[in-house]
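# Overview (structure and organization)
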Amino acid sequence: MNNNELWRSVLAQMQLCISKANFATWFQSTEILSRENERVVISVPNAFSKEWLSNKYYKLILKTMHDLDNTIKELVFTINPQSSKNLVINKITESGKINTDQLKFDEFKINKETNLNHRYVFENFVVGSFNELSHAAALAVSENPGHSYNPLFIYGGVGLGKTHLIQAIGNKINNDLKKKRVKYISSEKFVSNIVSAIRSKNMESFKISLSPIDVLIVDDVQFFAGKNKSQEEFFHIFNSLYEKNKQIILSSDKPPNAIPELEERLRSRFEGGMIADISLPDYETRLVILKTKLQEKNLKLPENILEYVASNVKKNIRELEGALNSLLMYHKINNATPDLEAVKKLLEGFVFSPFSVANYKKIIESVAKFYNLEEKNLFDATRRKEIVKPRQVAMFLLRKELKYSFPAIARKFGGKDHTTVIYACKKILQESEENNKLTEELNLIKQRVYSG
Ligand code: ADP
Ligand code: MG
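Description of the structure in this document. For every chain, the first residue of its written sequence is number 1, and the numbers climb from 1 along that sequence. Chains carry letters from A onward and ligands carry numbers from 1 onward, assigned in written order. Only residues with pLDDT of at least 70 are given local features in this predicted model, and only at 80 or more are side-chain atom pairs given and counted; all residues enter the totals for whole chains, interfaces and linings. Each side-chain value is worked out from all heavy atoms of the structure, with water and hydrogens disregarded.

Let us now look at the sheet that holds strand β2 (residues 39-44). By definition, the strands of a sheet pair up through backbone hydrogen bonds, in either a parallel or an antiparallel sense. Taken in spatial order, the three strands make up an open sheet running β1-β2-β3, and their pairing is mixed. Each edge of the open sheet carries a strand with a single partner, namely β1 (31-36) and β3 (74-79). Mean inter-strand twist for the sheet, computed between neighbouring axes without regard to direction, equals 25 degrees. Two strands pair if DSSP finds at least two bridges between them. Secondary structure counts use DSSP, requiring at least four H or I residues in a row for a helix and at least two E residues in a row for a strand, with both numbered from the N terminus. Pairing geometry for β1 and β2, over five bridges, is antiparallel. Bridge assignment links S34 to a residue of β2, and that residue is V41. Should any heavy atoms of two residues lie within 4.5 Å, those residues are considered in contact. Structural elements are reduced to axes, namely lines fitted to C-alpha atoms, with helices fitted over the stretch in contact, and the angle between N-to-C directions of any two is expressed from 0 to 180 degrees. Its contacts with the sheet put helix α1 (residues 3-17) on β1 and β2, and the angle it makes with β1 is roughly 120 degrees. Lying on the sheet, helix α3 (residues 47-56) is in contact with β2 and β3; it crosses β3 at an angle near 165 degrees.

And the structure:
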């Protein structure tokens, strides 16, 4: 029996032993590479298959092979990406469709106790310079909750992995330290729980329900902005957990000092532990993320297509995933890999064009949103601090990003004297040089302007 015949017989046997979906997933694009006496080298398309085959199916394959040829005593799996060269997408079920339905279903599995989604784990979280610090802090917290950084405050723009990371901490603690009680909650849910507890005069029992928690994860705390009653209650909940050395993990789209209408005492609590940010991934990291996502689904796409996606979809990681899913959907419908032209068409909505993004409307919109104001507030004739600073920031960005003249900016802001604009721009520039926090704010606003 030559190698080919031997492997075909093994595959025929394996098909009888395991489900069709599993067979298609793990045995597509495998072959015997070589045979040296009692050892057989099997080539597999990627690390994922290698791990599964050697951990889960080693004995079964060896026994099957040994039954066919009793000189065989050992198997070695080796990764040979070439073996899947012709198979663009190698996770095909018997009906010829990509088996993503099962995966999709799994993605929505939420643990009822903890509210955590089991999909968000450290193992599938790609680390690069853009999120290194947050990742390291998150790992430290998950290894020693309540004692390394408390609270841990992670901030960054939309779709950059905040929820993934803070849930990964929760999942790891839940797995490794079984006795610890973990609870994940979005700020929106938190506020609505507080509101209904107040309404039904059940605040005490709401607080009691939270007291056995060892790790409280609250996502998107910028949502507390302006919600005074909820902030007050949250402050007390925070304190009572904190005093008992319970771990608190928070996320937000901006740093604590930039969250508008946040009570001072709550802001200083948020700032009392470790603050770490997540910024935008660079090209290489975007490529790694795409490849990791494909590997997770056990799928493959040609390198030139991945490079096109990585160099053009820059907004955030959620968009990268969206772009990838639309390519996979195309494959599912057409049963063929899209060529580069088709990819360009498919991704029109995702592609980031640096030429059309910064404009007057976007700057005004981004500044107003960032500071939780209505756009028209920026033009109010008022000296209120909450308005003056955002207005000066808007003027500064119009000058710096769009090169508007001072008089043009003055006209936009209700015909102010253009020296007021000069003063505003100088002030913001000077302050941002002296004050890292303002620089950070400007960066976060620019990120919105250029990605919106
Ligand atoms: P945010 O909460 O910051 O808006 P999410 O955590 O919801 O962002 O992330 C958006 C999507 O991108 C999720 O599907 C998440 O799994 C994925 N993602 C984000 N960061 C990473 C990363 N570093 N590695 C792998 N996937 C990531
Ligand atoms: Mg989120």
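Back to the text.
All right, on to the packing of aromatic side chains then. Whether two aromatic rings pair depends on their centres lying within 6.5 Å, for rings of Phe, Tyr and Trp, where Trp uses its six-membered ring; planes under 30 degrees apart make the pair stacked, over 60 edge-to-face, and the rest tilted. Under the defined criterion, the tally for this structure stands at 14 aromatic pairs. Seen from their ring centres, F190 and F224 are 6.2 Å apart, and the 65 degrees between their planes marks the pair as edge-to-face. Of this pair, F190 sits in helix α8 (residues 187-199) while F224 sits in the loop between β6 (215-219) and α10 (228-243), and the two are 34 residues apart along the sequence. As far as burial versus exposure is concerned, F190 and F224 are alike and both buried. Judged by centre distance (5.1 Å) and plane angle (75 degrees), the rings of F190 and F234 are edge-to-face. Linking F190 in helix α8 with F234 in helix α10, this pair joins segments that are 44 residues apart in sequence. The pair formed by F190 and F234 is uniform in burial state, with each residue classed as buried. Consider the ring centre and the ring normal. A charge sits over the ring if Lys NZ or Arg CZ is within 6 Å of that centre and within 35 degrees of that normal. The ring of F370 has K254 lying over it, and the distance from NZ or CZ to the ring centre is 5.2 Å. Accessibility here uses a 1.4 Å probe with only protein chains present; expressed as a share of the type maximum, an area under 20% marks a residue as buried, one over 50% as exposed, and anything in between as partly exposed.

This part is about the site of ligand 1. In the neighbourhood of ligand 1, 18 residues make up the surrounding shell, with V126, G159, H164, K293 and E321 lying closest. Think of a polar contact as two N or O atoms within 3.5 Å of one another; within protein, one of them needs to be a possible hydrogen donor and the other a possible acceptor, and neighboring residues in sequence only count if both atoms come from side chains. The side chain of N131 places a nitrogen or oxygen atom 3.5 Å from a nitrogen atom of ligand 1. Between an oxygen atom of ligand 1 and a side-chain N or O atom of T163, the distance comes to 2.8 Å. Surface exposure here means Shrake-Rupley accessible area, sampled with a 1.4 Å probe, where a residue is shielded only by the protein chains that are shown. Coverage of ligand 1 by the protein amounts to 95% of the 560 Å² it exposes when considered alone. If you list the elements that add at least two residues to the shell around ligand 1, you get α7 (162-176) and α14 (317-334). By the convention adopted, Pro, Cys, Tyr, Trp, Phe, Met, Ile, Leu, Val and Ala count as nonpolar, Lys, Arg, Asp and Glu as charged, and the other residues, Gly among them, as polar. Partitioned by chemical class, the residues of the shell around ligand 1 number six nonpolar, seven polar and five charged. We define proximity as follows: a residue is near a molecule or strand when any one of its heavy atoms falls within 4 Å of that partner.

On to the side chain of S366. Looking at where S366 falls in the secondary structure, it is placed in helix α16 (residues 360-370). Since its relative accessible area comes to 7%, S366 is described here as buried. Within the structure, the side chain of S366 is placed 2.6 Å from the backbone oxygen of K362, a separation counted as a polar contact. Here S366 is in contact with I445, R448 and V449, once residues within four sequence places are set aside.

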